[in-house]
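Structural overview
Here are the chains, one letter per residue:
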Amino acid sequence: MDGNGRWAQRRSLPRTAGHQAAETTVIDIIEAARAAGVEWLSLYAFSTENWSRPGTEVDFLMGLVRRVVRKHAPLLLARGIRCRFLGVADSRIPRELAQDFEDLATLTADNRGMTLTVAFDHGGRRDIVEAARSLIRSRTPADEVTEQLFADHLPFPDTPDVDLVIRTSGEQRISNFMLWQVAYAEWVFPEVLWPDFRAPDFLACLHTYRRRDRRFGGVPPRTMGDPS
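Residues numbered from 1 in each chain as written. Predicted model: local features only at pLDDT ≥ 70, side-chain atom pairs only at ≥ 80, totals over all residues. Heavy atoms only, no water.

**Section: the overall build of the protein chain**
The criterion, for reference: Helix numbers and strand numbers start at the N terminus; a helix is a DSSP run of H or I with at least 4 residues, a strand a run of E with at least 2. When we talk radius of gyration, it's over C-alpha atoms, and the globule rule is simply 2.2 Å times the number of residues to the 0.38. With a 1.4 Å probe rolled over the protein chains alone, any residue whose accessible area is under 20% of its type maximum counts as buried; one over 50% counts as exposed, and the rest are partly exposed. Contact between two residues is taken to exist if any of their heavy atoms lie within 4.5 Å; hydrogens are not considered. Areas reported here follow the Shrake-Rupley algorithm with a probe of radius 1.4 Å; residue values treat only the protein chains shown as occluding. Charge counting treats Lys and Arg as positive and Asp and Glu as negative, with His and both chain ends excluded. Charged groups are reduced to one reference atom each: NZ for lysine, CZ for arginine, CG for aspartic acid, CD for glutamic acid.
A count of helices and strands for the protein chain gives 7 helices and 5 strands. Beginning at the N terminus, the succession of helices and strands in the protein chain can be written as α-α-β-α-β-α-β-α-α-β-β-α. Taking 2.2 N^0.38 as the reference for a compact globule, 228 residues should give roughly 17 Å; the C-alpha atoms of the protein chain span a radius of gyration of 19 Å, in line with that estimate. The buried share of the protein chain, taken over its 228 residues, is 42%. At a minimum sequence separation of 6, the contacts of the protein chain that also span at least 24 residues come to 73%. For the protein chain, the exposed area adds up to about 12,900 Å²; of that, 52% sits on carbon and sulfur atoms. Taken together, the 30 basic and 31 acidic charged side chains of the protein chain have centroids lying 4 Å from each other.

**A word on the sheet that holds strand S1 (residues 40-47)**
The following threshold applies: One requirement defines pairing of two strands: DSSP has to find at least two bridges between them. Axes here mean lines fitted to C-alpha atoms, for a helix over just the part in contact, with angles spanning 0 to 180 degrees between N-to-C directions.
Ordered by their spatial adjacency, 3 strands build an open sheet running S1-S3-S2, and the pairing between neighbours is parallel. For this open sheet the edge positions go to S1 and strand S2 (81-87), each flanked by a neighbour on one side alone. Each neighbouring strand pair of the sheet contributes to a mean axis angle of 20°, computed without reference to strand direction. Across 7 bridges, S1 lies against strand S3 (residues 114-122) in parallel orientation. Bridge pairing in S3 links Leu43 to Val118. Along the sheet, helix H2 (residues 15-35) makes contact with S1, S2 and S3, crossing S1 at roughly 160°. Across the sheet, helix H4 (residues 95-107) touches S2 and S3, and the angle it forms with S2 is around 145°.

**Quick look at the side chain of Arg84**
For clarity, the cut-off: Two N or O atoms count as a polar contact when they lie within 3.5 Å, although within protein this holds only if one can serve as hydrogen donor and the other as acceptor, and sequence-adjacent residues are included solely when both atoms are side-chain atoms.
Summarising the element assignment, Arg84 is placed in strand S2. In this structure the side chain of Arg84 is engaged in a polar contact, spanning 3.1 Å, whose partner is the side chain of Thr159. Setting aside chain neighbours within four positions, we find Arg84 in contact with Trp40, Thr115, Leu116, Thr117, Val118, Phe156, Asp158 and Thr159.

**A word on the pairing of S2**
The condition is simple: With the strands aimed away from the viewer, a crossover counts as right-handed if its path from the first strand over the helix to the second runs clockwise.
Burial within S2 is extensive, with 6 of its 7 residues counted as buried. One ladder, built from 7 bridges, connects S2 with S3; its direction is parallel. Looking across to S3, one finds that Cys83 is bridged to Leu116. Between S2 and its parallel partner S3, the chain crosses via H4, and the hand of that crossover is left-handed.

**Concerning the layout of surface pockets**
Cut-off, in case you're wondering: The method works on a 1 Å grid over the protein atoms by themselves. A cavity is a set of points holding a 1.4 Å probe that cannot get out, a pocket is an open set with protein on both sides within 12 Å along at least five of seven lines, and residues with an atom within 4 Å of a point line them. Grid points are joined across faces, edges and corners, and a volume is the space filled by probe spheres set on the points. As a working rule, the residues Ala, Val, Leu, Ile, Met, Phe, Trp, Tyr, Cys and Pro are called nonpolar, Asp, Glu, Lys and Arg charged, and the rest polar, with Gly in that last group.
Taken as a whole, the second largest pocket encloses approximately 240 Å³ of empty space. Residue lining of the second largest pocket: 13 residues in total, with Glu147, Gln148, Ala151, Asp161 and Trp180 positioned closest to the centre. Among the residues making up the lining of the second largest pocket, the classes are represented as 8 nonpolar, 3 polar and 2 charged.

**Side note on the packing of helix H3 (residues 55-78) against H4**
Working note: a packed helix pair is described by the angle between its axes plus the distance between those axes. Selection rule: Roughly parallel covers angles under 35 degrees, roughly antiparallel covers those over 145, roughly perpendicular covers 65 to 115, and oblique covers all other angles. Note on convention: the crossing is left-handed when the near helix lies turned anticlockwise from the far helix by less than a right angle, right-handed when the turn is clockwise.
Relative orientation of the contacting elements H3 and H4 amounts to 15°, with a least axis distance of 10 Å. Here H3 is positioned roughly parallel relative to H4, judged by the angle of their axes. As for how H3 packs across H4, the hand of that crossing is left-handed. Here Met62, Val65, Arg66, Val69, Arg70, Ala73, Leu76 and Leu77 of H3 come into contact with H4, specifically with Glu96, Leu97, Asp100, Phe101, Leu104 and Leu107.

Below you can see the structure in the form of structure tokens.
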């Protein structure tokens, strides 16, 4: 969800105004994804690298996220959305916010309409390191380690591989997002800034994805054996 700061800058507003404006987009996209039949939606809200931002901005984000979580918990429950939080390992996260995350996950645990994963204090490299540590602690012999076994030691191992990554604002970087799970994801980079991103933009990205020819390193069946 990229472009909050630039959205505010273009309007001569503080960066925090861009984060505030992003709340509407978050709810709009959750509703659009659910209506479109998306079963798994992940939102990258705060990375492990975002701790390097100015302290005032980080503090504002912590307060804003807490308010948003508490405000929209009834809606998420009513919509049958299961909420999970990927990351949330840093001691700098306010205890009250971490508790709100835990409470929302518990509240919606039995929902099956859609799984919403909020990546907060998330880093793909850290997840991979933690999976390796978990395997070592389990004393798994090196020769027995497979890709599937490794994936089983990642956080939320039931999460399927990512099919589509949408990064708003035109930036074209992975930014340490779910590095294991995006191995064969399709990517779309809409120019629109996140606070202006709406359901029609999201649906346009889905349409682009559906037109992609996903080969996973292979070739289309019609060309099998045809060197041309």
